[in-house]
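# Overview (structure and organization)
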Amino acid sequence: MERIEHHACFGGRQEVWRHASSSLGCDMNVGVYLPPAALQGQRCGVLYWLSGLSCTEQNFITKAGAQQHAARHGLIVVAPDTSPRDEAGRLGVADDPCYDLGMGAGFYVDASEAPWSAHYRMQSYVAQELPDWVEAHFPATEARGICGHSMGGHGALMTALRHPGRYRSVSAFAPIVAPSQVPWGRKAFTAYLGAQADRWRAWDAVELIAGATERLPLLVDQGADDPFLAEQLRPQLLREACAAAGHALQLRVHAGYDHSYYFVASFLGEHFEHHARGLG
């Protein structure tokens with residue numbers, strides 16, 4: 001592992017690390033914010049952030065203003081890249097010229113279809129390898145929360161539902177709640193998981209809610225002026241699934257807000273409060 005960036009920020013330190021991933025078969029960049037408490041030797045809970053389509057680890061750490069909230073609550077924040085990378089073209093990582101498939105669009109699933117299955121194992125990376133790496137190399141406890149935006153919101157909800165007991169809190173901004181039912185998700189799932197739609201249910205938050213064995217309260221914020229709201233996001237499907245299953249959901253729709261990091265930054269402090277309560 002190699003530290004490739006470090007910046008003092010709100011009494012803590014924003015770092016970017018590069019490490020070799022066995023799950024993905026490539027090197028991965030990961031943003032890690034260490035709050036003042038961690039630099040003073042305290043072990044801290046960890047909030048994992050999953051970013052959206054076309055993002056890298058840089059979008060969240062430079063645009064969201066998360067560091068001030070992490071410093072106040074004493075949380076380590078870990079923001080990985082969104083897919084395997086092979087920009088030099090030496091590793092044979094599959095890609096597609098479209099922004100919504102391939103590099104930058106891993107969808108946080110473990111691909112089963114060639115050529116994607118050779119490297120696109122983002123679920124194994126995010127849910128197992130990355131926490132193991134963080135807890136081995138940083139002053140982190142096993143108290144974990146997970147949050148994300150858009151494709152990353154899908155990733156956060158789905159990952160928490162797939163792994164009961166692994167996370168103590170979960171939230172999302174403008175998530176793709178039902179990828180099996182929207183164009184972005186259908187395209188990615190067909191490529192990564194195959195054309196048989198019954199394989200997709202295990203990677204779809206709306207489908208997973210009905211059988212959830214753990215009832216972590218869900219906090220979801222959505223902008224009413226989001227251009228992707230009606231076709232790609234469809235939060236009403238999550239509301240209906242949670243109502244049918246009796247699963248606690250706070251879904252807040254905000255007039256005037258869009259899909260951007262201006263929206264995320266506006267309500268991120270409240271998400272940190274949500275996760276701080278869950279992480280103790």
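Look above for the structure.
### Some remarks on empty space enclosed by the protein
Evaluation of the coordinates by the stated rule reveals two cavities of 30 Å³ or more. Lining the largest cavity we find Leu 157, Ala 160, Leu 161, Pro 164, Val 170, Ala 212, Thr 213, Glu 214, Leu 216, Leu 218 and His 247. With three residues, helix α5 (residues 151-162) is the largest single contributor of residues to the lining of the largest cavity. Residue composition of the lining of the largest cavity, grouped by class: eight nonpolar, two polar and one charged. Roughly 50 Å³ of volume is contained in the second largest cavity. Residue lining of the second largest cavity: Gln 14, Gly 31, Tyr 33, Phe 60, Ile 61, Ala 66, Gln 67, Ala 70 and Val 77, and that is the complete set. Of all the elements in the fold, those that place two or more residues in the lining of the second largest cavity are β3 (26-34), α2 (57-63) and α3 (66-73). Considering every element that reaches the lining of the second largest cavity, the biggest residue donor is α3, with three residues. Grouping the constituent residues of the lining of the second largest cavity by class yields six nonpolar, three polar and no charged.

### Side note on the layout of surface pockets
Of the volumes computed, that of the largest pocket is approximately 280 Å³. What lines the largest pocket is a set of 15 residues, among which Arg 18, Asp 27, Asn 29, Arg 85 and Glu 87 lie closest to the centre. Mapped by element, the contributors of at least two residues to the lining of the largest pocket are β3 and α2. For the lining of the largest pocket, the leading source of residues is β3, giving four residues. For the lining of the largest pocket, the class distribution of residues is four nonpolar, three polar and eight charged. Within this model, the second largest pocket holds a volume of roughly 180 Å³.

### Considerations on the environment of Tyr 99
With respect to the helices and strands, the residue Tyr 99 is situated in the loop between β5 (76-80) and α4 (122-137). Residues Tyr 99 and Val 77, spaced 22 residues apart in sequence, show a C-alpha to C-alpha distance of 26 Å. In this view, Tyr 99 contacts Leu 53, Ser 54, Ala 105 and Trp 184; residues no more than four positions away in its chain are not counted. For Tyr 99, the side chain forms a polar contact with the side chain of Trp 184, separated by 3.1 Å.

### Some details on the state of the cysteines
Put plainly, two cysteines are in a disulfide when a covalent bond ties their sulfur atoms together. Under the counting rule described, the total for this entry stands at zero disulfides. Here Cys 9 is not cross-linked by a disulfide; its sulfur's nearest cysteine counterpart is in Cys 44, at 15 Å. Note on Cys 9: relative accessible area 19%, which makes it buried. Residue Cys 55 stays outside any disulfide, its sulfur separated by 13 Å from that of Cys 147, the closest cysteine. Assessed through its relative accessible area of 9%, Cys 55 is described here as buried.

### Quick look at the packing of aromatic side chains
Here the structure, examined in full by the defined rule, presents 14 aromatic pairs. Summarising the aromatic geometry, the rings of Trp 49 and Phe 60 are spaced 4.1 Å apart at their centres and angled 10° between planes, so their arrangement reads as stacked. Of this pair, Trp 49 sits in strand β4 (residues 44-50) while Phe 60 sits in helix α2, and the two are eleven residues apart along the sequence. There is no split in this pair, since Trp 49 and Phe 60 are both buried. Ring geometry for Phe 189 against Trp 200: centres 6.0 Å apart, planes inclined by 70°, an arrangement best described as edge-to-face. With Phe 189 in helix α6 (residues 183-193) and Trp 200 in the loop between α6 and α7 (205-209), the pair connects residues that are eleven residues apart, well separated along the chain. Taken together through their ring pairs, the aromatic side chains of Trp 49, Phe 60, Phe 173, Tyr 257, Phe 263 and Phe 267 make up a single cluster.

Criteria and thresholds
- Residues numbered from 1 in each chain as written.
- Predicted model: local features only at pLDDT ≥ 70, side-chain atom pairs only at ≥ 80, totals over all residues.
- Heavy atoms only, no water.
- 1 Å grid on protein atoms, 1.4 Å probe; cavity = no way out; pocket = protein on both sides within 12 Å on 5 of 7 lines; lining within 4 Å.
- Points joined across faces, edges and corners; volume = space filled by probe spheres on them.
- Helix = DSSP H or I, 4+ residues; strand = E, 2+ residues; numbered from the N terminus.
- Nonpolar A, V, L, I, M, F, W, Y, C, P; charged D, E, K, R; others polar.
- Contact = heavy atoms within 4.5 Å.
- Polar contact = N/O pair within 3.5 Å; in protein donor to acceptor, adjacent residues only side chain to side chain.
- Disulfide = S-S within 2.5 Å.
- Buried < 20%, exposed > 50% of the residue type's maximum accessible area, 1.4 Å probe, protein only.
- Phe/Tyr/Trp six-rings, centres within 6.5 Å; stacked < 30°, edge-to-face > 60°.

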